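Survey of secondary and tertiary structure
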Amino acid sequence: MFSQGRSVPAFGWIGRCCALSNLHPRAKVKKIGMISAPERKIRQTGCDVRFDNLTRQLYATDASIYQIEPIGAAFPRSAQQASGVIRAAADAGVSVVPRGAGTSLSGGAIGEGLIVDFSRHNRQIVELDLEKRSVRVGAGVVLDQLNDFLRPHGFCFGPDVATSSRATLGGMIANNSSGAHVPVYGTTADHVISLEIVMADGRIEKIGPGRETLRAEREKIDSRIRAHVREISERMPPGLLKRWPGYGLERFLRAPNNLNEILAGSEGTLAAIFSAELKISPLPREKGLGLIFFASAGEAMQATVELLDLRPAAIEHIDRPLFDQTKSQLLFQAARDLLELDAKPCESILLVEFYEDVAERLSILQGRKLGLRTKILTDTAQMNLVWSVRKAGLSLLTGRVGAAKPVAFIEDAAVRPAQLPEYVRGLQSIMKPLDLEASYYGHAATGLLHVRPVLDLHSAADLKKFRQVADQTSALVKQFKGSLSAEHGVGIARTEYMREQLGDELLDVMRAIKNAFDPKNVFNPGKIFANGRHKIDNHLRENFTRPLDLPFEPRLAFAFKDGSFIGNLEQCNGCGGCLKQTDIMCPTFMATHEEVMSTRGRANIIRAALELRVNGHDPLRSAELDEALSNCLSCKGCTPECPSNVNLALLKAELMYARHRRDGLPLRDRIFSSVDLLGRLGCVMPSVANASLNFRALRTLMEKTVGVSARRSLPHYTSERFDRWSAQHCRASVPDAVAFHRNALQKRGRVILWDDTFVRYHEPHIGIAAFKVLEALGFEVSLVKNRECCGRPAFSQGNLDAAARAGKHNVDLLNSAGSQLSSLRSATARQATINSQLSATPILFLEPSCYSMFVEDYHELKIENAESVAKRCFLFEKFVDDVLAQEPDALQFKNGPATVVIHAHCHAKSLMNPAFMRRLAERLPGRKATVLDTGCCGMAGAFGALAEKYDLSVKIAEHLIDKIDNQPAGTEIIASGTSCRHQIIDLTNARPKHMAELLAEAIV
Ligand SMILES: Cc1cc2nc3c(=O)[nH]c(=O)nc-3n(C[C@H](O)[C@H](O)[C@H](O)COP(=O)(O)OP(=O)(O)OC[C@H]3O[C@@H](n4cnc5c(N)ncnc54)[C@H](O)[C@@H]3O)c2cc1C
Ligand code: SF4
Ligand code: SF4
C-alpha cells in the first residue's frame, strides 16, 4: 500500500559508533572507532541508515531541554524496511526510538539507541472514504498536510496541535495529542480506526476493533486491566477531558479488546506505528471568536468556568508574559493591532470560539459583560491572526531575551476546568516563595494550562528551584486528581513522577502491557517506567551544564534582540517551526526534508561544534559545520518566522568571519565579495566581457577553478552604465557627493536613488524606469557619487571587515549628502509630503538585499551613525506606494486589463509584509495582482551560481517555477530581487520585471 521509493545515500563520513551493551535496566553506550557488529547488521537491512557524527548530533535533541546522543538514525520507506531495521536493532541489543518531527517537549523523541525517523518518507495519504468518513495516512504525514488534503472535500482531522505545521500523525497518535478544540473533537485517540504497527520482533500487525490480530497479547492485557477496575476509577476519575499519563487503561475499559486505545498515548514504548486509518470530521459550517480582556489571570480562570455552559468549541487563555513577546515582531504586529494591546493594555485574554449558533452565543457572551472589554470576530483572516499568537505561544515565550527562559517541565498538567481557579492559586503559591515568574496560558476549556516558570538552567540555584517546582507540582496535581502529562507525554521529564501519579498497582498493569508488546524493552527504554536513568534533571542539554565558550571575539552586534552570538544561538529551543512546508523558513528543508537543512539542524550543529562534539573537535571547521553552514542561503527567513527569532544568517556570517580571520579568506570568497569591482571591469569593454561569459571553454575553466557552475547564465555587462546615464540625464552636477537632476517638477523635493551594483552594471533599464516613476511623481532624483557597493556580497561570504569598510564609507557619504540635501530642500519644504517626517533626504532602493544591508546589517556591523541613515531608507516600491496612498492621483496610469503576479524577495519579506505590493500593482487600472505564496528563489546571490549548489538551488526553486509556469500567457511576472529574476530567467521562459518597470510602462 505504501510504496517503496528511491533510496537516499547516507552522508559520506562515518563517525564513531556505539551499541547498547545492555538494554535494561540501565542502558549503556559503548563507543568504538570502526563499524560495529550492530551497525553492520542494521545496515544489511537495506534501509537508509546513518551512523555518522552529523546524524548523531542532529538527532540528539528534540524540542525538550534534554540531549542524548543516539547511535544513528534510520529512515524507513516501507513497513518491511521498518520491520527489518527494528528487528536488526533488537537482535543487536540496540534500543529503538520511533520519531516524527521531534517536537516532543518531554524528551520523548530522543534516546541512546537507533532513532527510527518516520517523518522523512512515510507521507502518503490514501484510501479517503467520504462516506465512511475515514482516511489512511503514513506515520510521517504532517497534520497541516492532511488538513490541506481534506479541506477541499469539506473535512478535517479534528485534534489540532499547535505544532500542526510539522507534527506527524505518528507522533500525534503516540502522544495522544490534542489541541484547543477538545470540547468538539476530543483527543487523537478518539479518531483512530486501525493501526499498522511494527513490533519489536519485526512483526507487522494491523490492530483495531474487530481485528483478530495479537489475540494472546489482547487477552493478557484485558485480564490485567479488568482486575484493576477499582484502582483505575480511583486514580483516573471522570471529568478530565485530556489524556492520562501512560497507556489508555480507562479507554480500554470503555472499548474492550481495542488495542488502539493502548497504543494511542504509548509514546513509542510499545511498538512503532507505520500507518493509521483515521476518522475525519466535517469542517465547521461557521466560526466566531469572542475575545475577553481581563485585569488578571485569576479573573480569566473564573470566567472560563462561567462560560462552559455556552458549549464553546474552545476557550484558550493567553497572558501578558506571552503576548508581550510579540512586541516588535513583524509577524505578529497585525495581531497586536487587532487586539489593541498597545492602546488598551490588559493582563490576560480569553479566546472563546464557537462552531454552532455562532451569532446567538457570541451575543450571550457579550451580554455577560465579563472582564475589562470584549471584542467579537467573525472574519476568518482576523480570527487566524489571533490564533497565530496562541499557536506560537510556547516558542514565543522561549524567545525571551536573556539566559533565563520559560522552561517546559510542568507545562502539561491538566485538572478539571472547574478546578482551574483553585489550581492556579496552588501553582502561584509554589512559585511565589521561589520568586518565580510564569505564564499561565493554554487550553482553559479543558483545564490545561501550559505553565512555564522562568528559570536560568545554566545556574545551580535555578536548577534547584526547577526540581522543587517539579516535585511540588506533581504533588499538587495528584491532590486535584489531575493528569501530569495531558498532551506532551511522560517522556524523560515526567517518568520519575509516574509512581506518585499512578501508584504501584497501575504501574504494574502498565508494565505487564509493556511486557506483552515489547518483552525485551527495545522501544524507548527508561521512559514511563523509571529505571533510575531518566530524571527530570538528568541529560540536560550540554549548554546548560557546560556553558558555551566562543573561540573568537564576535564581530556582530546581534542588535535586533539578543545582543550576543550565544544568546541568539540558545534561542533555538528545537520547536521545529522551521520544518514547515510554507512561507520562507526554511527553504533548504522544504526542498530536501533533511534535518541538517533546517534552521534547527544548523543551530544544533553550531552548538555541537562549540561543544566540541564534531569530528576533529575544531569549533570553526569540521565536515558537520560545513554541511550545516554551506547550504544556508542567508535568506533571513528564520529571523521573522522563527518565533524565537533565531538569526542563522548572522550566526553563519560570524562563524565564517571567525574562520577567515584564523585561516585566511579563500580566493573564491574574495572574488564573490568583489562583484562591484567585477562590474566596473566588465563595463570597460562589455562586448568582450560578455563574449567571454558565453565562451564555453572559459566557463568550464571557471567551474574548475572558482566553482561557478557552467550551467548557470551569468549577467551580461551593459554598454551604458546606469550612473553614467543618470549623470547625462541630469545634465548638471553638484560638487562633493551628490548629483542632482534639476527638473522643473520639484514639488516633492529630492530623493536619492541607490544605484546598486546590478542596476549600475547590468540592468540600467530598471534604474531608468525608477527615474521615470519618481520624476513623474515630482521628485528630483539623484544618485550618490563615489558610493561603494553596499557590502552585501562581502557580508554573505563572511568577509565582514570588507562589508564594514564599505558600509562606513556609504554611511559617512550619505550623512553628509543628507544634510546638504536637507538644506537645499528647505526651499520646497512647504510642498513636501512624505519627506516632511524625515530629517533628511530619503534614500530609495531597488534591490531588497541592498536595502536590508542598510537598514539592518550596517547596524549589526556596529557602523557609527548607521541608524540615522537607516531611518531614511525605503524600498522603492514601499516609498511609491506610500506617496500614492496619500495622493492616489499623483500618477496617471494607462488602463489595461492584465494579470500581475509578484514574487517578493526574502529580505523584503523579512522586513515588511509584502501585501502592499499587490495594492501598488492594483493601482494600475485593470490590473489584478497576486503576491505569490512563494518562498526563496534558491539563487540567493552567489549561492545558486556555485557548481556544487546548482542542483539544490534548482530544487529550492521548484515551487516558484511551478507557479510561474502555470500562469496564463500574458501574465506580468514581477520580481524585484536581482537573484530572483536571474533564477526565473534561467529556469522558465518568463521575462520577469522589476516593479519599477511595470509602473514606468503604465505611466500616461
Ligand atoms: C511549540 C510546541 C507546541 C506544542 N503544542 C502542542 C499541542 O497543542 N498539543 C499537543 O498535543 N502537543 C503539543 N506539542 C507537543 C508535540 O508537538 C506533539 O505531541 C506532537 O504530536 C508530536 O509529534 P511529532 O511528530 O513531533 O512527534 P515526536 O516528537 O517525534 O515524537 C513524540 C513521541 O511519539 C513517539 N513517536 C513518534 N512517531 C512515532 C511512530 N511512528 N510510532 C511510534 N511512536 C512514535 C516518539 O517516540 C515520542 O515518544 C507542542 C510542542 C511544541 C514544541
Ligand atoms: S530555529 Fe526557531 S523555529 Fe526552528 S526549531 Fe529553533 S526555535 Fe524553533
Ligand atoms: S537564513 Fe534562510 S536558509 Fe538559512 S537557516 Fe534561515 S531560513 Fe534557512
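Bear in mind the structure is a predicted one, so any value in this text is a computation, not a measurement.

Comments concerning the packing of helix α33 (residues 764–777) against helix α38 (residues 876–886)
At their nearest, the axes of α33 and α38 sit 12 Å apart, and the two run at 20 degrees to each other. By the angle between their directions, the pair α33 and α38 is classed as roughly parallel. With respect to the hand of their crossing, α33 and α38 are arranged in left-handed fashion. Between α33, through Ala770, Val773, Leu774 and Leu777, and α38, the contact on the second element is made entirely by Phe876, Phe879, Val880, Val883 and Leu884. Across the contact of α33 with α38, the residue classes break down as nine nonpolar, no polar and no charged.

Some remarks on the site of ligand 2
For ligand 2, the set of nearby residues contains 14 residues, the closest of which are Cys572, Cys575, Gly576, Cys578 and Cys642. Here the shell around ligand 2 is built from residues that sort into six nonpolar, seven polar and one charged.

Looking at the packing of aromatic side chains
Under the definition given, this model contains 18 aromatic pairs. Both rings, one in Trp725 and one in Phe771, keep their centres 5.1 Å apart while their planes meet at 85 degrees; by these two values the pair is edge-to-face. In this pair, Trp725 is assigned in helix α31 (residues 722–730) and Phe771 in helix α33, connecting sequence segments 46 residues apart. Classification of Phe771 as buried rests on a relative accessible area of 1%.

Focus: the nonpolar core
Core analysis: the largest hydrophobic core is formed by 125 residues, its most contacted members being Phe565, Ile606, Leu753, Leu774 and Leu861. Residue contacts for Leu753: discarding those within four places in its chain leaves Phe722, Gly767, Ala770, Phe771, Leu774, Val781, Ser782, Leu783, Leu844 and Leu846. Within the second largest apolar cluster, 56 residues are counted, among which are Ile125, Val161, Met236 and Ala414.

Considerations on the confidence of the model for the protein
Do not read the fine detail of predicted coordinates wherever pLDDT is low. Residues at a pLDDT of 70 or more form 93% of the protein, whose mean pLDDT is 92. Long-range and interchain partners of residues 1–32, a stretch whose pLDDT sits below 50, account for 102 contacts in this model, where long-range means more than four residues apart. The low-confidence segment residues 818–839 (pLDDT under 50) makes 41 contacts with residues lying over four places distant or belonging to another chain.

As for the site of ligand 1
The environment of ligand 1 is made up of 36 residues, and the closest members are Pro98, Gly100, Thr103, Thr168 and Ser178. Interatomic distance of 2.9 Å between a backbone N/O atom of Ala101 and an oxygen atom of ligand 1. Taking Thr103, its side chain carries an N or O atom lying 2.6 Å from an oxygen atom of ligand 1. Bound to the protein, ligand 1 loses 98% of the 970 Å² it would expose on its own. Listing elements by their share of the shell around ligand 1, those giving two or more residues are β5 (96–99), α5 (169–175), β12 (272–279) and α16 (393–398). With five residues, α5 is the single largest residue contributor to the shell around ligand 1.

Thresholds applied
- Residues numbered from 1 in each chain as written.
- Chains lettered and ligands numbered in written order.
- Predicted model: local features only at pLDDT ≥ 70, side-chain atom pairs only at ≥ 80, totals over all residues.
- Heavy atoms only, no water.
- Axes fitted to C-alpha atoms, helices over the stretch in contact; angles between N-to-C directions.
- Helix = DSSP H or I, 4+ residues; strand = E, 2+ residues; numbered from the N terminus.
- Parallel < 35°, antiparallel > 145°, perpendicular 65-115°, else oblique.
- Left-handed = near helix turned anticlockwise from the far one by under 90°.
- Contact = heavy atoms within 4.5 Å.
- Nonpolar A, V, L, I, M, F, W, Y, C, P; charged D, E, K, R; others polar.
- Near = heavy atom within 4 Å.
- Phe/Tyr/Trp six-rings, centres within 6.5 Å; stacked < 30°, edge-to-face > 60°.
- Buried < 20%, exposed > 50% of the residue type's maximum accessible area, 1.4 Å probe, protein only.
- Core = buried A, V, L, I, M, F, W, Y, C linked by side-chain atoms within 4.5 Å.
- pLDDT = per-residue confidence, 0-100.
- Polar contact = N/O pair within 3.5 Å; in protein donor to acceptor, adjacent residues only side chain to side chain.
- Areas by Shrake-Rupley, 256 points an atom, 1.4 Å probe, with all protein chains shown as cover.

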